[in-house]
Protein chains: 2
Amino acid sequence: MNIFVAGTGITKFGELWDKSFYDLAEEASLGAIKDAGIKVADIDAVFVANMLFGKIDNQDHLGAVVASLLGTQAPAIRIEGACASGGLAIHSAIQSLESGMYKNVLVLGIEKMTDVSSAEIGSYLMGAGSEEERKAGLTFPGLYALIARAHMQKFGTTREHMAAVAVKNHYHASLNDKAQFPYEVTVEKVLKSPVISNPFTLFDASPITDGAAAVVLSSNSKKGAVRITGSAVATDTIDLAKRQSLTELSATKIAARKAYQQAGVTAADIQVAEVHDCFTIAEILAMEDLGFCKKGDGGEFVMSGATKLGCDLPINTSGGLKACGHPVGATGVKQIIEIAHQLTGIATNRQVKNAKRGLAQNVGGTGATVTVHILEK
Amino acid sequence: MNIFVAGTGITKFGELWDKSFYDLAEEASLGAIKDAGIKVADIDAVFVANMLFGKIDNQDHLGAVVASLLGTQAPAIRIEGACASGGLAIHSAIQSLESGMYKNVLVLGIEKMTDVSSAEIGSYLMGAGSEEERKAGLTFPGLYALIARAHMQKFGTTREHMAAVAVKNHYHASLNDKAQFPYEVTVEKVLKSPVISNPFTLFDASPITDGAAAVVLSSNSKKGAVRITGSAVATDTIDLAKRQSLTELSATKIAARKAYQQAGVTAADIQVAEVHDCFTIAEILAMEDLGFCKKGDGGEFVMSGATKLGCDLPINTSGGLKACGHPVGATGVKQIIEIAHQLTGIATNRQVKNAKRGLAQNVGGTGATVTVHILEK
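Q: Any chance you could explain the overall build of chain A here in plain terms?
A: When helices and strands are tallied, chain A shows 14 helices and 11 strands. Against the compact-globule benchmark of 21 Å for 377 residues, chain A has a radius of gyration of 19 Å, which places it among compact chains. Overall size of chain A, expressed as C-alpha extent along the three principal axes, is 55 × 45 × 40 Å. Within chain A, the fraction of its 377 residues that count as buried is 69%. Contacts in chain A between residues at least 24 apart in sequence constitute 77% of all its contacts with a sequence separation of at least 6. Carbon and sulfur atoms provide 52% of the accessible area of chain A, an area that totals close to 12100 Å².

What follows is the structure, encoded as structure tokens:
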């Protein structure tokens, strides 16, 4: 695989009531194109990752919308796979480059979520689950709470283990000026915040966020550019109830195995990772399923401090979905940007020292879609 | 380009109130897989083209939904580009094969439109247009009527020219047992049907349709399989009002030029075509912009009978969107199936004799996205 991250652009993540979808699309896209040192006319195709704008503002056809906004007649395509839309768009963009049909492509991940009520967003997001789950009245906090309860029962994972994820990711976000919640929290604050879906309290959950993230990917090598060496996708039953196991995401394991194989590495070779912590338990599962620690040990692994900035394997240095924010379509692209910045050495006050190889894991639904990417300096 | 249509599957197109989205997805997908002589386990990835199911039934994440339904953990992705979703999914699937990452992929185009009111569907479909067009109260019949009026004024195109498209496509549909309207109509019937948006009457418009169409594409050659030799996409302004010209689709011209170049052919080499006749005027524009006749001559070209089955260049032998039906996400895939069947010689009573090379043109919105594919025996 011969793919380079040629440029990156990202907006502030948060409640951006003074910015439109179009403002965010333009800011991130032009940022990435400028950073790549190219012009709009050099972009051979545009990939737009977005889940909800059709429901929120009745605007679909976002490939053409964004191409039109940028003033290009290049091919443009919208990719959707719920919260994994960003990772899927990166994967498709890579294949378009590997096919030889395109040389430079723009991948824009974007979501504008805070212009409608939380109740509406909560309902819309259930489009990532199944018909049966919607009929049963389940929500994503509820679905992930079932996973958390199963993990607690099987492996003795505790509320304190989960809280440790939130505390670490808020610390990382406090070093990231793009983050939605750039401040620290304590274990006590997490545990005493309102219960949203037992065993979760408010601070176990990622927020509703506006934001956009864009990368220019290129098959032309660029001096100093980070290379993508692994890109894999796997799926699983859309219904959580139909899974073989509630305590692992099978699709993460399959996608990770393929991506490691493509890159010719193992989990032990990864020095920095962004994983899909939509709820604190999801980061614990991710670490286990990616092979960063043994199955069942995720809680202890995060509590040990191993995944905090400055330690062995910093995870979610951006602050993760939890504290950097989770603009659904943008998340998978933001993960690639964070890893690319870490490997390039431009992650400023949250720089991981001498990181040469990183991984990004993006999840749709409760694990029905998972993408894994590996990047190298 | 080394891509083969290894198998095809298609459902009846129409008002299928006794079939669910899932029924249609399964029927078309398993049909294509069986026709390819392979098993679900041989499918390396699934591409799902769909525009509206997120709005109609709150179900997004359709890649995983369909993979789950088929019982595979293969990568799966949803592609959306309004009414060009099918063509875009074919294009992305081709790139995934050309990248060497996959060998056999399933492309499913699907739409279930008749379970909600026409008013809702009309509103949802405006997601293919722009924010400004929605604010102005425009609808697709209205937008294409503007194109028709401009074409009439500039080139002297008449209502009779447009009616000839409907009459021909209904005749073709009368030979297709999958078609929504498998019966003939007369010029008089078209002209005297109720006005829906002046100059259009009811019979100038394609209908609201349920249906699914699937193909297995493969990079392994299969004896007798049709080859895809050109695949190109182009975009244009999402707003019709911002176009340089109302009487051509610039994106069709760009995509056609690229596709002809890839295939090493010209318009004169095409012997059968499926074009995007969402309204009768759209088929007239398509013939001109694809180079089948001179700009402005489209009306006379269809009136001459040249594009009718049995004549020089049969167009929309399936019945087109107009009479075979237009289940949005399925349309671009159905076009590929029709051309593949024509080139294989299995188009039964609507077979074009000795057809060796065909073309499919799929349009999103009023031409903001266009895909062109060329197939050869």
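From this point, things continue past the structure.
Q: Can you walk me through helix α14 (residues 328-344) of chain B in this structure?
A: Each α-helix winds once per 3.6 residues, and so residues spaced three or four apart point in a common direction. Residue and element names in this part refer to chain B. Helix length check: α14 (17 residues) gives 25 Å between terminal C-alpha atoms against 24 Å at 1.5 Å per residue, within 8%. Of all 17 residues making up α14, 16 are buried, and the element is well covered by its neighbours. G345 occupies a position one or two residues after α14 and carries a positive phi of about 85 degrees.

Q: In this structure, what is going on with the packing of aromatic side chains? I would like to understand it.
A: Pairs of aromatic rings are described using the distance from one ring centre to the other and the angle between the two planes. Residues and elements named next belong to chain A. Enumeration over the complete set of coordinates arrives at 12 aromatic pairs over all chains. Look at F200 and F279: their rings are 5.3 Å apart centre to centre, the planes differ by 10 degrees, and that puts the pair in the stacked class. With F200 in strand β6 (residues 200-201) and F279 in the loop between β9 (272-274) and α11 (280-289), this pair connects stretches of sequence that are 79 residues apart. F279 shares its class with F200; the two are buried.

Q: Sorry if this is basic, but what is going on with the pairing of strand β8 (residues 226-235) of chain A here?
A: Two faces belong to every sheet, and in a regular strand the side chains alternate between them. Residue and element names in this part refer to chain A. Summarising burial for β8: nine of the 10 residues are buried, a large majority. In this structure, strand β1 (residues 3-10) lies alongside β8, joined through three bridges in antiparallel fashion. By the bridge assignment for β8, I3 is matched with I228.

Q: So what exactly am I meant to see when it comes to the interface of chain B and chain A here?
A: One frequently used descriptor of interface size is the decrease in accessible area upon assembly of the parts. Between chain B and chain A, the contact holds 60 residues from the first and 60 residues from the second. A combined buried area of about 4300 Å² lies between chain B and chain A, and 47% of that area is made up of carbon and sulfur atoms. The closest approach of N and O atoms between K55(B) and D60(A), which form a salt bridge, is 2.4 Å. Where chain B packs against chain A, one counts 37 residue pairs in polar contact (both at pLDDT 80 or more). If you list the elements that add at least two residues to the side of chain B that touches chain A, you get α2 (53-57), α3 (62-70), β3 (76-80), α4 (85-98), α5 (118-125), α6 (131-135), β8 (226-235) and α10 (250-263) of chain B. For the side of chain B that touches chain A, the element with the highest residue contribution is α4(B), accounting for six residues. The class makeup of the residues in the side of chain B that touches chain A is 25 nonpolar, 25 polar and 10 charged. Two elements, strand β3 (residues 76-80) of chain A and β3(B), share three bridges in a ladder whose sense is antiparallel.

Q: Hey, could you run me through the packing of helix α8 (residues 159-173) of chain A against α11(A) in this one?
A: Between two packed helices, both the angle of their axes relative to each other and the distance between the axes serve to describe the pair. Residues and elements named next belong to chain A. Where α8 contacts α11, the two axes come as close as 8 Å, and the packing angle between them is 95 degrees. Judged on the interaxial angle alone, α11 and α8 are roughly perpendicular. In this structure, α8 uses H161, M162, V165, A166, K168 and N169 to contact α11, whose residues at the interface are T280, I281, E283 and I284. Broken down by class, the residue content of the contact of α8 with α11 amounts to five nonpolar, three polar and two charged.

Q: I'm lost on the relation of the copies chain B and chain A in this one. Help?
A: The operation relating the two chain copies consists of a rotation about an axis and a shift along that axis. Once chain B has been moved 0.0 Å along the axis and rotated by 180 degrees, it coincides with chain A to within an RMSD of 0.0 Å. The transformation relating the two chain copies, once decomposed into turn and shift, fits a two-fold axis. Proximity to the rotation axis, assessed at the C-alpha, singles out S99(B) in chain B; its C-alpha lies 2.0 Å from the axis. Of the interface residues in chain B, 100% have counterparts in chain A that sit at the interface too, so the contact is made through matching surfaces.

Q: Please clarify how the nonpolar core should be interpreted in this entry.
A: Nonpolar side chains tend toward joint burial in soluble globular proteins. With 83 residues, the main nonpolar core has L217(A) and L217(B) as its most contacted residues. Among all residues touching L217(A), those that are not within four sequence positions of it are I3(A), F4(A), V5(A), I90(A), A93(A), I94(A), L97(A), K103(A), N104(A), V105(A), V107(A) and I228(A). Residues I56(A), L125(A), A164(A) and C293(A) belong to the second largest nonpolar core, which totals 63 residues.

Q: Can you walk me through the side chain of H373(A) in this structure?
A: Residues and elements named next belong to chain A. Relative to the helices and strands, H373 resides in strand β11 (residues 369-376). By relative accessible area, H373 is classed as buried at 1%. Among the polar contacts listed, one links the side chain of H373 to the side chain of S231, at a separation of 2.8 Å. Contact partners of H373, with chain neighbours within four places excluded, come to G87, I90, H91, I94, I228, G230, S231, I336, G358, L359 and A360.

Q: I keep staring at the confidence of the model for chain A and nothing clicks. Help me out?
A: Low-pLDDT portions of the prediction should not be read for the details of their coordinates. Overall, the predicted model of chain A reaches an average pLDDT of 97, with 100% of residues at or above 70. Interface confidence for the predicted complex, given as ipTM, is 0.98, next to a pTM of 0.98.

Q: Explain the pattern of salt bridges to me, please; I cannot follow it from the model alone.
A: Any two side chains of opposite charge can pair, so long as their charged atoms come close to each other. Residue and element names in this part refer to chain A. All told, the structure shown has 36 salt bridges over all chains when counted by the stated rule. One salt bridge in this structure joins E131 and K135, with 3.8 Å as the shortest N-O distance. Pair noted here: E131 and K135 are both in helix α6 (residues 131-135), with a separation of four residues, about one helical turn. Overall, E131 belongs to the partly exposed group, its relative accessible area being 23%.

Q: What is the right way to read the state of the cysteines from this model?
A: Joining two cysteines, a disulfide is a covalent bond between their sulfur atoms. One pass over the structure, following the stated rule, counts zero disulfides over all chains. Between C324(A), a free cysteine, and C278(A), which holds the nearest cysteine sulfur, the sulfur-to-sulfur gap is 15 Å.

Q: Just to check I follow, could you spell out helix α4 (residues 85-98) of chain A for this structure?
A: All names here are of chain A. For α4, which comprises 14 residues, the first-to-last C-alpha distance of 20 Å matches the rise-based estimate of 20 Å (1.5 Å per residue) to within 8%. In terms of burial, α4 is largely enclosed, as 13 of its 14 residues are buried. Phi turns positive, to about 85 degrees, at G100, one or two residues after α4.

Q: I would appreciate a short explanation of the pairing of β11(A) in the present structure.
A: Residue and element names in this part refer to chain A. Summarising burial for β11: eight of the eight residues are buried, a large majority. Of the two faces of β11, both are covered, the one formed by T369, T371, H373 and L375 as well as the one formed by V370, V372, I374 and E376. Looking at chain direction, β8 and β11 are connected through eight bridges and run antiparallel. The residue of β11 that forms the bridge with T235 is T369. Of the pairings in the sheet, the one linking strand β10 (residues 357-364) to β11 comprises eight bridges and is antiparallel in character. Following the sheet pairing, Q361 is matched in β11 by V372. In this antiparallel pair of consecutive strands, β10 and β11, the connection spans four residues, and G365 shows a positive phi of 65 degrees.

Cut-offs applied
Residues numbered from 1 in each chain as written. Chains lettered and ligands numbered in written order. Predicted model: local features only at pLDDT ≥ 70, side-chain atom pairs only at ≥ 80, totals over all residues. Heavy atoms only, no water. Helix = DSSP H or I, 4+ residues; strand = E, 2+ residues; numbered from the N terminus. Rg over C-alpha atoms; globule rule 2.2 N^0.38 Å. Buried < 20%, exposed > 50% of the residue type's maximum accessible area, 1.4 Å probe, protein only. Contact = heavy atoms within 4.5 Å. Areas by Shrake-Rupley, 256 points an atom, 1.4 Å probe, with all protein chains shown as cover. Expected span 1.5 Å × (residues − 1). Phe/Tyr/Trp six-rings, centres within 6.5 Å; stacked < 30°, edge-to-face > 60°. Pairing = 2+ DSSP bridges. Buried area = accessible area lost by both parts, 1.4 Å probe. Salt bridge = Lys/Arg side-chain N within 4 Å of Asp/Glu carboxyl O. Polar contact = N/O pair within 3.5 Å; in protein donor to acceptor, adjacent residues only side chain to side chain. Nonpolar A, V, L, I, M, F, W, Y, C, P; charged D, E, K, R; others polar. Axes fitted to C-alpha atoms, helices over the stretch in contact; angles between N-to-C directions. Parallel < 35°, antiparallel > 145°, perpendicular 65-115°, else oblique. Least-squares fit on C-alpha atoms with pLDDT ≥ 70 in both. Core = buried A, V, L, I, M, F, W, Y, C linked by side-chain atoms within 4.5 Å. pLDDT = per-residue confidence, 0-100. Disulfide = S-S within 2.5 Å.

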